[in-house]
Amino acid sequence: MHIIITDAWLAKSKAVHLSGLKLVLSGVAASLVLMLGSVAAYHWVFLQGVRQGWPGFESVARLVTQGEVDSKELYMRENLSAMARKLGEMQARMLQIDSLSERVAGLAGLKAEDYKHPAGSGGALVGSREPTLEELTQAMNELDRRSGAGVDWLTVVESRLFDLKIQSTLIPTEEPVSGGRIGSPFGYRIDPITGKTALHTGLDFPADIGTPIVAAAGGVVVVQDIHPAYGNMLEIDHGNGLITRYGHTSRVFVKKGDIVKRGQKIAEVGSTGRSTGPHLHFEVWVGGVVQDPARFLAAGENLAAAHTLAGGVRKP
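By convention here, each chain's residues receive numbers from 1 onward along its written sequence. A pLDDT threshold of at least 70 governs which residues receive local features in this predicted model, and a stricter bar of 80 or more applies before side-chain atom pairs are shown or counted, although totals over entire chains, interfaces and linings include all residues. Calculation of side-chain values draws on the structure's entire complement of heavy atoms; hydrogens and water are dropped beforehand.

Visitor: What's the story with the overall build of the protein chain in this structure? I'm lost.
Guide: Working definition: helices are DSSP H or I runs of at least four residues, strands are E runs of at least two. Numbering for both runs from the N terminus. A count of helical and extended segments in the protein chain gives four helices and 13 strands. Within the protein chain, contacts between residues at least 6 apart in sequence are counted, and of these 59% link residues at least 24 apart. For the protein chain, the accessible area works out to roughly 20500 Å², and carbon and sulfur atoms hold 62% of it. Only heavy atoms matter for contacts: two residues are in contact if any of them lie within 4.5 Å across the pair. Each accessible area is a Shrake-Rupley result for a 1.4 Å probe, and residues are judged covered by the shown protein chains and nothing else.

What follows is the structure, given as structure tokens:
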């Protein structure tokens, strides 16, 4: 194709030769320019019409954007429904945690009414309609508040249970001679040496010399000495004015000032001091007053039985 361009002022002309390929490319380029121009003009006119409120443009804009709005609303509804279901599951789980916390608090000796939350939580998610974003946000904030209060309360319960556990380890409920039978109980009896009635201030556990003696509870050794009556003797202070005494031992493996644990081997059975044969003489003192050790050992047996019924937990 030949194109001749003539300049009327300069009286000149120029010939342009276009091959088939150049002609096609020129047509494509012209079409693209025309299309881009048309789109730009359409958008400019459309936007101007919407902004200026020209007749007919507002309804066209609603039709154009309605599909996009519907899609966004459907997406939001689906997400709100999923969030509502998940929040409902979390609220149900929170109720289970509340119930468990009340039971644990009862074991710790704390009042269940101290662990209560305002009623009506979760009501925004109950009904035939879908919850709004504001209702979901409010319910999530309430759940967050409750969970924070629950953490604080369980921290108190944990501290209380820890205190109880420490206290239980300081009460002499462990038999000082494992499986040992009681020879002489606490109370008045005929003294085997004098033949007269006298108060027997402890329990006697007959056993072979060298039989292990363990601490009836945790504490601090406050006496380790040779006594004319008790022989090779030691005393353990368990706090709160509670002391246990172990007499007639053959060997002692702890010294004054040592910290011992419940069940720790502290000595061996002997027949030292005022004794007619190998045995352990075991005493319990509370506030300077001698007590019947059998009551403490019986309490330990009852506690072990309760733990066994609850799940086979051994005596601490």
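Visitor: What am I meant to see in the pattern of salt bridges here?
Guide: Working definition: two side chains of opposite charge can pair if their charged atoms are close together. In what follows, salt bridge is the name for a side-chain nitrogen of Lys or Arg lying within 4 Å of a carboxyl oxygen of Asp or Glu. In total, this model carries seven salt bridges according to the counting rule given. The residue R245 makes a salt bridge to E235 at a minimum N-O spacing of 2.6 Å. Residue R245 is found in strand β9 (residues 242-252), and its partner E235 is found in strand β8 (residues 231-237); the two are separated by 10 residues along the sequence. Burial classes follow relative accessibility: with a 1.4 Å probe on protein chains only, a residue under 20% of its type's maximum area counts as buried, one over 50% as exposed, and anything between as partly exposed. R245 gets classed as buried once you look at its relative accessible area, which sits at 14%. One network of salt bridges, with partners in common, ties together E235, R245 and E283.

Visitor: Sorry, what's going on with the pairing of strand β7 (residues 219-227) here?
Guide: Side chains on a regular strand alternate between the two faces of the sheet. Each pair of strands is called paired provided DSSP finds at least two bridges between the two strands. The pairing of β7 with strand β10 (residues 259-260) spans two bridges and is antiparallel. Its bridge partner being in β10, V220 is matched across the sheet by I259. Sheet topology places β7 next to β8; seven bridges connect them, and they run antiparallel. Bridged to I226 within β8 is N232.

Visitor: Teacher, can you tell me more about the layout of surface pockets here?
Guide: Remark: the empty space left among the atoms is shown by a probe the size of a water molecule rolled over them. Taken as a whole, the largest pocket spans an internal volume of roughly 400 Å³. Around the largest pocket, the lining comprises 23 residues; the ones closest to its centre are R189, H200, D204, H248 and R274. Under the grouping applied here, Gly and all other residues not named as nonpolar or charged are polar, the nonpolar ones being Ala, Val, Leu, Ile, Met, Phe, Trp, Tyr, Cys and Pro and the charged ones Asp, Glu, Lys and Arg. Grouping the amino acids of the lining of the largest pocket by side-chain chemistry returns eight nonpolar, 10 polar and five charged. In this analysis, the protein atoms alone were mapped onto a 1 Å grid. Cavities are point sets where a 1.4 Å probe fits without being able to get out; pockets are open sets with protein on both sides within 12 Å along at least five of seven lines; lining residues have an atom within 4 Å of a point. Grid points are joined across faces, edges and corners, and a volume is the space filled by probe spheres set on the points.

Visitor: How do you make sense of the nonpolar core when you look at a structure like this?
Guide: As a rule of thumb, nonpolar side chains are buried together in soluble globular proteins. The definition of a nonpolar core used throughout is a set of buried Ala, Val, Leu, Ile, Met, Phe, Trp, Tyr and Cys residues joined through side-chain atoms within 4.5 Å. I213, I236, Y246, I266 and L280 are the most contacted members of the largest nonpolar core, which has 22 residues in total. Of all the secondary structure elements, the ones that give two or more residues to this core are β5 (203-206), β8, β9, β11 (265-269), β12 (279-286) and α4 (293-311). Counting seven residues, the second-largest nonpolar core is a separate cluster that includes A84, M94, L136 and A139.

Visitor: What is the right way to look at the environment of I182 in this model?
Guide: In this fold, I182 is placed in the loop between α3 (133-169) and β3 (187-190). Here I182 falls in the partly exposed class, since its relative accessible area comes to 42%. The spatial distance from the C-alpha of I182 to the C-alpha of P206 is 6.9 Å, given a sequence separation of 24 residues.

Visitor: Just checking my understanding: could you explain the environment of L133 for this structure?
Guide: Within the secondary structure, L133 is located in helix α3. Overall, L133 belongs to the partly exposed group, its relative accessible area being 43%. C-alpha of L133 to C-alpha of M83: the two residues are 50 residues apart in sequence and 9.6 Å apart in space.

Visitor: Would you mind showing me how to read a nonpolar patch on the surface here?
Guide: Residues enter patches when they are more than 30% accessible in relative terms and free of salt bridges; like-charged ones are connected within 9 Å and nonpolar ones (Val, Leu, Ile, Met, Phe, Trp, Tyr) within 5 Å. There is a patch of nonpolar side chains on the surface, built from V28, L32 and M35 and spanning about 290 Å² of accessible area. Mapping V28 onto the fold places it in helix α1 (residues 20-52). Under the relative-accessibility criterion, V28 is labelled partly exposed at 44%.

Visitor: Help me out: how do you make sense of the packing of aromatic side chains in this one?
Guide: Pairs of aromatic rings are described using the distance from one ring centre to the other and the angle between the two planes. Stacked, tilted and edge-to-face are the three classes assigned to paired rings of Phe, Tyr and Trp, where Trp is represented by its six-membered ring and a pair needs centres within 6.5 Å; plane angles under 30 degrees give stacked, over 60 edge-to-face, the rest tilted. Scanning all chains against the criterion turns up one aromatic pair. The ring of Y230 has R245 lying over it, and the distance from NZ or CZ to the ring centre is 4.8 Å. We count a charge as sitting over a ring when the NZ of a lysine or the CZ of an arginine lies within 6 Å of the ring centre and within 35 degrees of the ring normal.

Visitor: Hey, could you run me through the environment of G273 in this one?
Guide: The topology assignment puts G273 in the loop between β11 and β12. In sequence terms G273 and Y230 are 43 residues apart; their C-alpha atoms lie 5.1 Å from each other.

Visitor: Help me understand unusual backbone geometry, please; the structure alone is not making it clear to me.
Guide: When glycine is set aside, most residues are seen to have a negative phi, and most peptide bonds are trans. Positive phi outside glycine occurs at N240, with the angle close to 55°. Even without glycine at this site, H248 takes up a positive phi of about 70°. Within the secondary structure, H248 sits in strand β9.

Visitor: How should I be thinking about the side chain of N232 in this particular structure?
Guide: As for its placement among the helices and strands, N232 is situated in strand β8. Dropping the residues within four chain positions of it, N232 is found in contact with Q224, D225, I226, Y246, G247, H248, T249, S250, R251, V252 and T272.

Visitor: What should I look at first to understand the confidence of the model for the protein chain in this one?
Guide: Do not read the predicted coordinates in detail wherever pLDDT is low. Per-residue confidence for the protein chain averages 77 on the pLDDT scale, and 66% of its residues sit at or above 70. Think of pLDDT as the predictor's per-residue confidence, scored from 0 to 100. The low-confidence segment residues 117-124, where pLDDT is below 50, has 10 contacts with residues more than four positions distant or belonging to other chains. Within the model, the stretch residues 306-316 combines pLDDT values under 50 with 13 contacts to residues more than four positions away or in other chains.

Visitor: Would you mind showing me how to read the side chain of T244 here?
Guide: Here T244 lies in strand β9. Side-chain atoms alone can form a polar contact between residues adjacent in sequence; in general such a contact is a pair of N or O atoms within 3.5 Å, and within protein one must be able to donate a hydrogen while the other accepts it. Of the polar contacts made by the side chain of T244, one reaches the side chain of H238; its length is 2.8 Å. Within the local environment of T244, its side chain forms a polar contact with the side chain of Y246, the two groups lying 3.1 Å apart. If sequence neighbours within four positions are ignored, T244 has contacts with P172, L234, E235, I236, H238, F282, E283 and V284.

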